[in-house]
Amino acid sequence: MALPIYASPLERVWYYTFRVICALIFLFLIAPILIVMPLSFNAEPYFTFTQKMLSFDPTGYSLRWYDLLLTHPNVPTDVPRDAAWWELVWREAAWVNAAKNSIIVGFFATILATFLGTLAALGLSRPEMPYRRAIMAILISPMIVPLIIITLGLFFFYSSIEINKWGVPYLGVIMAHATLGIPFVIITVTATLSGFDHSLTRAAASLGANPTTTFFKVIMPLILPGMISGALFAFVTSFDEVVVVLFVGANDEQTIPRQMWNGIREAISPAILSVATILVIFSVSLLATIELLRRRSERLRGITPS
């Protein structure tokens, strides 16, 4: 909001002071990212800025650590990078396999979280729903309770039912990540439903539409931005999560965060910085998409002008 022309000198001082404070807090929060990203292009195997980097010497920068993500003991480095080489990388490279696993786990966890979270939000949006506040508090508790407590509970629960013997890879990790993603879907869909006109559903019913048709033709188009926003939040939560994978996942179930964890413990390499940079760009892109969807949802609900 712009500063009004009739603002007093004290209000003007606070107006600019507040923005400076916000800028400093923002800089403090993104400072680690601003350091990690240029270090991922370091030509030397160090986690510090070299003299060549500080002097902006082109020889001080390299893509070697990004290229290292495509390597594996079984992948030769001195052969042409043809289709056969890329096929071998796709099948053998550890970081590539970890990325594939993260995407697969995130996809199924997002589908499950979106489905269950949307159902819960639809029920909680009904004014006649009993104990709505208590149920809402229980459903969003994974956002409040420390992650290590949730993880330990899931670990003992999955151990009691021996989920790793069911023969479905990553099943425990997918279910655990869906548990962490459901609160995000509930909150975003509930926020979308806060301004929903229930007379539309009654009108659809009066015209002969059954509940399924009413949902897909009337309700879903209006809450779709909230569903997509919640799904993206759930996917990001699953894609960046490591604690659950360490406790619940099997030894051979590797995701990108777990691969980074193993790399830090076993052999520290600047390749971790390149992975972190890719994850930051990926997360920022998803958050930007969520913001665009939020604005579209507000326009559809008439909160902001078109």
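Values in this document were obtained by computation on a predicted structure and should not be read as measured data. (Residues numbered from 1 in each chain as written. Predicted model: local features only at pLDDT ≥ 70, side-chain atom pairs only at ≥ 80, totals over all residues. Heavy atoms only, no water.)

**Notes on the overall build of the protein chain**
Okay, so step 1: For the protein chain, the helix and strand inventory stands at 13 helices and zero strands.
Okay, so step 2: The N-to-C order of helical and strand elements in the protein chain reads α-α-α-α-α-α-α-α-α-α-α-α-α.
Okay, so step 3: Its C-alpha atoms give the protein chain principal-axis dimensions of roughly 70 × 70 × 40 Å.
Okay, so step 4: Sorting the 306 residues of the protein chain into buried and exposed places 36% on the buried side.
Okay, so step 5: By sequence separation, contacts in the protein chain at least 24 residues apart represent 61% of the contacts at least 6 residues apart.
Okay, so step 6: Roughly 18,500 Å² of accessible area belongs to the protein chain as shown, and the carbon and sulfur atoms make up 71% of that amount.
Okay, so step 7: Within the protein chain, one finds 20 positive and 18 negative side-chain charges whose respective centroids are separated by 12 Å. (Helix = DSSP H or I, 4+ residues; strand = E, 2+ residues; numbered from the N terminus. Buried < 20%, exposed > 50% of the residue type's maximum accessible area, 1.4 Å probe, protein only. Contact = heavy atoms within 4.5 Å. Areas by Shrake-Rupley, 256 points an atom, 1.4 Å probe, with all protein chains shown as cover. Lys, Arg positive; Asp, Glu negative; His and termini not counted. Charge placed at Lys NZ, Arg CZ, Asp CG, Glu CD.)

**So, helix α4 (residues 83-92)**
Okay, so step 1: The complete set of buried residues in α4 reads Trp85, Leu88 and Val89. Here the buried residues of α4 occupy an arc of 100° about the axis, which is enough to place them on one side. Relative to its buried face, α4 has exposed residues pointing more than 90 degrees away, namely Ala83, Ala84, Glu87 and Trp90.
Okay, so step 2: Each element contacted by the buried residues of α4 is listed here: α5 (94-124). (Arc of directions from axis to C-beta.)

**Notes on the packing of aromatic side chains**
In this description, a pair of aromatic rings is defined by centroid distance and the angle of the planes.
Okay, so step 1: Taken as a whole, this structure holds twelve aromatic pairs when the rule is applied.
Okay, so step 2: Between Phe155 and Phe247, the aromatic rings sit 6.5 Å apart at their centres with planes inclined by 80°, giving edge-to-face as the arrangement. Here the residue Phe155 occupies a position in helix α7 (residues 147-161), and Phe247 occupies one in helix α11 (residues 243-248), the gap between them amounting to 92 residues.
Okay, so step 3: Ring-pair connections join several aromatic residues into one group, and the members of that group are Phe155, Phe156 and Phe247.
Okay, so step 4: Over the face of the ring belonging to Tyr15 we find Arg19, whose NZ or CZ atom lies 3.7 Å from the ring centre. (Phe/Tyr/Trp six-rings, centres within 6.5 Å; stacked < 30°, edge-to-face > 60°. Lys NZ or Arg CZ within 6 Å of the ring centre and 35° of its normal.)

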